[in-house]
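# A look at the structure
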Amino acid sequence: QVQLVESGGGLVQAGGSLRLSCAASGRTFSGYSMGWFRQAPGKEREFVAAITWSVGGTRYQDSVRGRFTISRDNAKSTVHLQMNSLKPEDTAVYYCAATLRILPQIPSLYDYWGQGTQVTVSS
């Protein structure tokens, strides 16, 4: 089992920045790709970004590419999502997730999930 705990959400004005963190515990973190997803009220959960265990390969949703940066610290079993130039449409609950697959974008392909952290961007 892998336990994931997100932090860093909050309320920010449009154009501002937030940094989300996801701390993993439990079994070894080794080999897992880590992803960030988000879900706005009344909408389906959508892929935001993902990063591989080694080499640091990444994948981003088109709407966040250039504004968001995913990174990981394997020694601390932590993954981060730096979000800049935030827009009201980025408002959602953000979840981190772990998978042994390589950078999938489909939620069902992730094995472990955190409880989520709320991000609200005001206009």
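Coordinates for the structure precede this section.
Analysis parameters
Residues numbered from 1 in each chain as written. Predicted model: local features only at pLDDT ≥ 70, side-chain atom pairs only at ≥ 80, totals over all residues. Heavy atoms only, no water. Buried < 20%, exposed > 50% of the residue type's maximum accessible area, 1.4 Å probe, protein only. Helix = DSSP H or I, 4+ residues; strand = E, 2+ residues; numbered from the N terminus. Pairing = 2+ DSSP bridges. Contact = heavy atoms within 4.5 Å. Polar contact = N/O pair within 3.5 Å; in protein donor to acceptor, adjacent residues only side chain to side chain.

### As for the pairing of strand 9 (residues 92-99)
- Burial analysis of strand 9 places seven of its eight residues in the buried class, the great majority of the element.
- Of the strand pairs in this sheet, strand 4 (residues 33-39) and strand 9 are connected by seven bridges, and their pairing is antiparallel. Bridge assignment links Arg38 to a residue of strand 9, and that residue is Tyr94.
- Sheet topology note: the strand 9/strand 10 (residues 112-113) ladder contains two bridges and is antiparallel. From the neighbouring strand, Ala98 faces strand 10, where its bridge partner is Tyr112.

### Re the environment of Arg45
- Looking at the secondary structure, you find Arg45 in the loop between strand 4 and strand 5 (46-51).
- In this structure, the C-alpha to C-alpha distance between Arg45 and Ala92, residues 47 residues apart in sequence, is 9.4 Å.
- Look past the residues within four positions of Arg45 in its chain and what remains in contact with it is Phe37, Arg38, Gln39, Tyr95, Pro107 and Trp113.
- Side-chain polar atoms of Arg45 contact the side chain of Gln39, separated by 3.3 Å.

### Thoughts on unusual backbone geometry
- A positive phi is found at Ser77, a non-glycine position, where the angle reads about 50 degrees.
- With a relative accessible area of 18%, Ser77 lands in the buried category.
- Even without a glycine there, the phi angle at Leu103 is positive, about 50 degrees.
- As for its placement among the helices and strands, Leu103 is situated in the loop between strand 9 and strand 10.
- Residue Leu103 is classed as buried on the basis of its relative accessible area of 9%.

### A few points about the pairing of strand 11 (residues 117-122)
- Alternating positions in strand 11 separate cleanly, Thr117, Val119 and Val121 being buried on one face and Gln118, Thr120 and Ser122 remaining unburied on the opposite face.
- Of the pairings in the sheet, the one linking strand 2 (residues 10-13) to strand 11 comprises four bridges and is parallel in character. Among the inter-strand pairings, Leu11 is bridged to a residue of strand 11, identified as Thr120.

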